Amino acid sequence: MARRRAHRSVALLVALTLIATACSSGGVPSDPVPVTIETGTARSFPPAPSVPTGPLHPDDVRTLETMLGSLEIGFGSGVVSELETHADPRVLWVLADFLRFVQGSTLGLTMERTVEAIAAVEVEDSRPWGDLTDHLIAWDVPAPPGYPAFKGTLFTAVDDRWDFLFTDPDATIDYRLLSWGGVRIDDRPLGEPEPCSLGCIPALDDPQLVSAAEGDWYPGDAVVFGVEIEGEAVAFPKNVMEVHEMVNATIGGRRIGMPYCTLCGSAQAFFTDEVAGVDRPPVLRTSGLLSRSNKVMYDLDSRSVFDTFTGAAVAGPLREQGVVLPQATVVTTSWDDWRTNHPDTRIVAEDGGIGRSYPADPLQGRDDDGPIFPIGPVDDRLAVHAQVLGVVVPGGGHVAFPVDAARATLQNGDQVEAAGITLELDGAGLRARAGGEPVPSHQAFWFAWSQFHPDSELWLPTA
């Protein structure tokens, strides 16, 4: 009951501003072109502040408890400033969580000053929360003792439906990296066509699929995410996926959940019909939260939380079972190329089967200037938004292939191979094999693939 009261009155503390959470992955060329590999520029960060060990100072604990216990009535700026006395960098994680909701307000400006005093850096005025979080990730500042409880109190005051993310004491979530993506949770029942009453990114369940001949509504040069399972091929238009970011469907007799993390440029397909001990396959939904710019998905029935990049359950009953959802290959290509190579394919109907209209370009270049959420340090072997085909190597390890360079190399008749993985063309898209057998693969932005698989080998074309 206390959390519900806090939820109703938390507007005294935060002004929730809903923002879009989709990004563009660009077009797919159909002809071989000379390829220049664009490397990235790693952002430099100042030296990390000294971090004490052991419990927080009792004064800091009391201050944080005062802040979190006063969400209904608000608290003065002087309370925040008290954290400067001991200047423990670990409390910056809690201040960053607050800043996510109050930056730009009078209280947010006070928090910025306190943050700068403790961290001994100036944060960007236009994005203080994001800039602070980038520093904390780069410095790898440890979370303060009891941090999940601190964070859970704040986040469930904003929306108490996020409670399940904080109730598993053995969760393997790195709560430091958990942030709000700007939208509410999608907790609609399976098959619900109506949008969320409070706003969310609504999953599309069992969309209507039509034949390739009936798919002329979609431009031939526009991007689709193609999935083929047990001989059945289905194309998911990019503009539809940018609106829903999650599909639950049956293809080739197999049940799949298909998240599209637009911020990571990553469409993946997970088999959900191999989970033992459940009444029905997990129903994947978008939580509205992010982990280092990667969408956090969960199972509607068990309220288990998943690492969207790996398919591993990281909280809840399915974590206790050690569930890791197996993946299918997702081919990113053009609609013309996909239906040429898969003439029996079906494609999502123009209205998704729910009577909805979809703009041709929902994102309109929102992320053209780089990631808009904190990601910390980056692997500068490639540009952050370079598209790579990522593969988990059977037997261990990871490898990534820059998409444009790999496609051009194959179209020129040369082989693309690294770490025992060989690529082949599927139209203008790419598939992976190991020892002649297909292995799951999908495209993603380089920053995302490399941060979730920092040990990844990188294939580069020979000069």
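Now for a look at the structure at hand. From a predicted model like this one, the values you see are computed outputs, not experimental measurements.

Analysis parameters
Residues numbered from 1 in each chain as written. Predicted model: local features only at pLDDT ≥ 70, side-chain atom pairs only at ≥ 80, totals over all residues. Heavy atoms only, no water. Helix = DSSP H or I, 4+ residues; strand = E, 2+ residues; numbered from the N terminus. Buried < 20%, exposed > 50% of the residue type's maximum accessible area, 1.4 Å probe, protein only. Areas by Shrake-Rupley, 256 points an atom, 1.4 Å probe, with all protein chains shown as cover. Lys, Arg positive; Asp, Glu negative; His and termini not counted. Charge placed at Lys NZ, Arg CZ, Asp CG, Glu CD. Disulfide = S-S within 2.5 Å. Core = buried A, V, L, I, M, F, W, Y, C linked by side-chain atoms within 4.5 Å. Contact = heavy atoms within 4.5 Å. Pairing = 2+ DSSP bridges. Axes fitted to C-alpha atoms, helices over the stretch in contact; angles between N-to-C directions. Expected span 1.5 Å × (residues − 1). Polar contact = N/O pair within 3.5 Å; in protein donor to acceptor, adjacent residues only side chain to side chain.

1. Side note on the overall build of the protein
A tally of helices and strands in the protein yields twelve helices and 24 strands. With respect to the three principal axes, the spread of C-alpha positions in the protein is 65 × 50 × 40 Å. Residues classed as buried in the protein amount to 56% of the 463 residues present. Counting only carbon and sulfur atoms, one obtains 49% of the accessible surface of the protein, whose full area is about 18600 Å². Within the protein, one finds 32 positive and 64 negative side-chain charges whose respective centroids are separated by 6 Å.

2. Overview of the state of the cysteines
One way to say it: the disulfide is the covalent bond shared by the sulfur atoms of two cysteines. According to the stated counting rule, one finds one disulfide in the structure shown. Between cysteine 196 and cysteine 200 runs a disulfide, and the two sulfur atoms are separated by 1.9 Å. Because the sign of the S-S torsion sets the handedness, a value of about 65° for the bond joining cysteine 196 and cysteine 200 places this disulfide among the right-handed ones. Residues cysteine 196 and cysteine 200 agree in their burial class; the two are buried. Take cysteine 261: it sits in no disulfide, and the sulfur closest to it among the cysteines is that of cysteine 264, at 3.3 Å.

3. Some details on unusual backbone geometry
Look at aspartate 140: it is not a glycine, yet its phi comes out positive at around 55°. By the secondary structure assignment, aspartate 140 is in the loop between helix H6 (128–139) and helix H7 (147–158). Despite not being glycine, glutamine 364 shows a phi value in the positive range, around 50°. Along the chain, glutamine 364 falls in the loop between strand S16 (346–348) and strand S17 (387–392). For glutamine 364, a relative accessible area of 67% corresponds to the exposed category.

4. Here's the deal with the nonpolar core
By size, the foremost hydrophobic cluster in this structure holds 77 residues, and its most contacted members are Met67, Phe98, Met111, Trp162 and Leu165. Sorting elements by how many residues they give to this core places helix H4 (residues 92–102) first, with nine residues. Each residue touching methionine 67, except ones within four places of it in the same chain, is listed here: Phe75, Val79, Val80, Leu83, Leu95, Phe98 and Met111. In terms of nonpolar packing, the next biggest core, distinct from the first, is built from 23 residues, Ile229, Val247, Met258 and Val330 among them.

5. Considering the sheet that holds strand S23 (residues 441–445)
Ordered by their spatial adjacency, four strands build an open sheet running S23-S17-S18-S24, and the pairing between neighbours is mixed. With one partner strand each, in any of the chains shown, S23 and strand S24 (457–458) form the two edges of the open sheet. In terms of strand pairing, S17 meets S23 through five bridges, oriented antiparallel. Considered in S23, the bridge of glycine 390 is made with histidine 442. Together, S17, strand S18 (398–402) and S23 form the strand contacts of helix H11 (residues 403–411), whose direction differs from that of S18 by roughly 75°.

6. Some thoughts on the sheet that holds S16
Each strand in a sheet pairs with its neighbour through backbone hydrogen bonds, running either in the same direction (parallel) or in the opposite one (antiparallel). Strand order across the open sheet formed by five strands is S3-S16-S5-S4-S15, with mixed pairing between neighbours. The open sheet has two edge strands with one neighbour each: strand S3 (209–211) and strand S15 (331–334). Along the sheet, successive strands turn relative to each other by an average axial angle of 35°, direction set aside.

7. Some thoughts on the environment of alanine 313
Along the chain, alanine 313 falls in strand S13 (residues 313–315). With a relative accessible area of 9%, alanine 313 lands in the buried category. The sequence separation of alanine 313 and valine 324 amounts to eleven residues, and the corresponding C-alpha distance is 6.1 Å. Ignoring anything within four residues of it in the chain, the contact list for alanine 313 reads Val305, Phe306, Leu318, Arg319 and Val323.

8. Some thoughts on helix H2 (residues 58–69)
Side chains of residues three or four places apart in an α-helix project in the same direction, reflecting 3.6 residues per turn. Helix length check: H2, at twelve residues, gives a terminal C-alpha distance of 16 Å against a target of 16 Å (1.5 Å per residue), a fit within 8%. Residues of H2 that are buried in the fold lie against helix H3 (77–81), H4, helix H5 (106–119) and H7.

9. Comments concerning the side chain of arginine 255
Along the chain, the position of arginine 255 falls in strand S7 (residues 254–261). Among the polar contacts listed, one links the side chain of arginine 255 to the side chain of threonine 250, at a separation of 2.9 Å. Those residues in contact with arginine 255 that sit more than four places away from it in its chain are Leu190, Asp206, Asn248, Ala249, Thr250, Phe270, Phe271, Thr272, Asp273 and Pro281.

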